[in-house]
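Architecture at a glance
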Amino acid sequence: MTDDYRQDDSRRVGQVKEVTSLANPIIKDIKALSQKKSRDESRTFLAEGLKLVIDALDRGWAIRTLVYAKAGKGKPLVEKVAARTVAAGGLVLEVSEKVMSSITRRDNPQMVAAVFEQRWTPLKDIQPKGSETWIALDRVRDPGNLGTIIRTADAAGASGVILVGDCTDPFSMETVRATMGSMFALPLVKTTPADFLKWKKSVDARLVATHLAGAVDYRTIDYRSKPVILMMGNEQSGLPDDLAKAADKLARIPQVGMADSLNLAVATGVMLFEVRRHLLSLDGDK
């Protein structure tokens, strides 16, 4: 990415800049966030949608660059987000629909998009307690699966998501879209299998993993007496032996019919709502 975008520029901070050219260097740098290399180098990512951006601001996330289409000019909520961005020292760009489509890679783009700084929580800072539920994902590879799991974890009241091994990037545009804003609500952790196993030994929590061999009906497990770490395996190969052996319980979801397996996000949702069932009610009381 170019120095124009990486470095603070006092001439731009706190200003609204109108951009109509796809050749603008700032636009080029924002478009580059579709590539993992650029996201990693800048430690930023792109999220789109007015409601999502407002939710992120309300949760304490700072916008580095706000982009809105000309159609959004004068709309109270867009103006409010722009004012909050400027007040925090961020850059605000008013762009043409052509530029917005290029940034978001959509023919019918959202009216607002924003660049945020990535946030990772160190594994050593996670100490499950009480009725907390953490989700550990081993080598999840599909962005849609990861995004849906993060969204489901938020809906079920889980405390966070731990990515183990070579997982897909949670800050990719596809994953961010699939979370529907929930990624701003939950801590994300990344770690190696070895460090995860060491950490597991150091915490007082029940590790429940889904597995085909030696597993019990997922509905028969005690999810109440300790915090739970729910571990789900890779979409194709499931859990490796070292992670499966570390589990306190191996669980299986009974199935009938011709399908030999469930989609990872669906299976995680089924497991997660069973783990949390005693804590959830329709009136919101827990």
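Residues numbered from 1 in each chain as written. Predicted model: local features only at pLDDT ≥ 70, side-chain atom pairs only at ≥ 80, totals over all residues. Heavy atoms only, no water.

Here is the rule: UniProt positions are given in the numbering used here, feature names are shortened, and annotations may be inferred rather than shown by experiment.
Per an unreviewed UniProt entry, the protein carries the name RNA methyltransferase and comes from Peteryoungia algae. Regarding the protein, the relevant UniProt record gives this comment under Sequence similarities (unreviewed entry): "Belongs to the class IV-like SAM-binding methyltransferase superfamily. RNA methyltransferase TrmH family."

**Points about the pattern of salt bridges**
Formally: We define a salt bridge as a contact between a side-chain nitrogen of Lys or Arg and a carboxyl oxygen of Asp or Glu at a distance within 4 Å. Strands are runs of DSSP state E lasting at least two residues, helices are runs of H or I lasting at least four, and both sets are numbered from the N terminus onward. Exposure classes here rest on a 1.4 Å probe applied to the protein chains alone. A residue is buried below 20% of its type maximum, exposed above 50%, and partly exposed in between.
Summed over the entire model, instances satisfying the criterion amount to 20 salt bridges. When the shortest N-O distance is used, the salt bridge between Lys51 and Asp55 registers 2.8 Å. Here Asp55 and Lys51 lie together in helix 4 (residues 50-58), a separation of four residues that amounts to about one turn. By relative accessible area, which is 61% here, Lys51 ends up exposed.

**Concerning the sheet that holds strand 9 (residues 206-210)**
The condition that has to hold: Pairing between strands requires that DSSP locate at least two bridges from one strand to the other.
Pairing within the open sheet is parallel, and its seven strands lie in the order 8-7-6-11-9-12-10. The sheet terminates laterally at strand 8 (188-191) and strand 10 (216-217), the two strands that pair on one side only. As paired strands, strand 6 (residues 133-138) and strand 7 (residues 160-164) are joined by five bridges and run parallel to one another. Looking across to strand 7, one finds that Ile135 is bridged to Val161.

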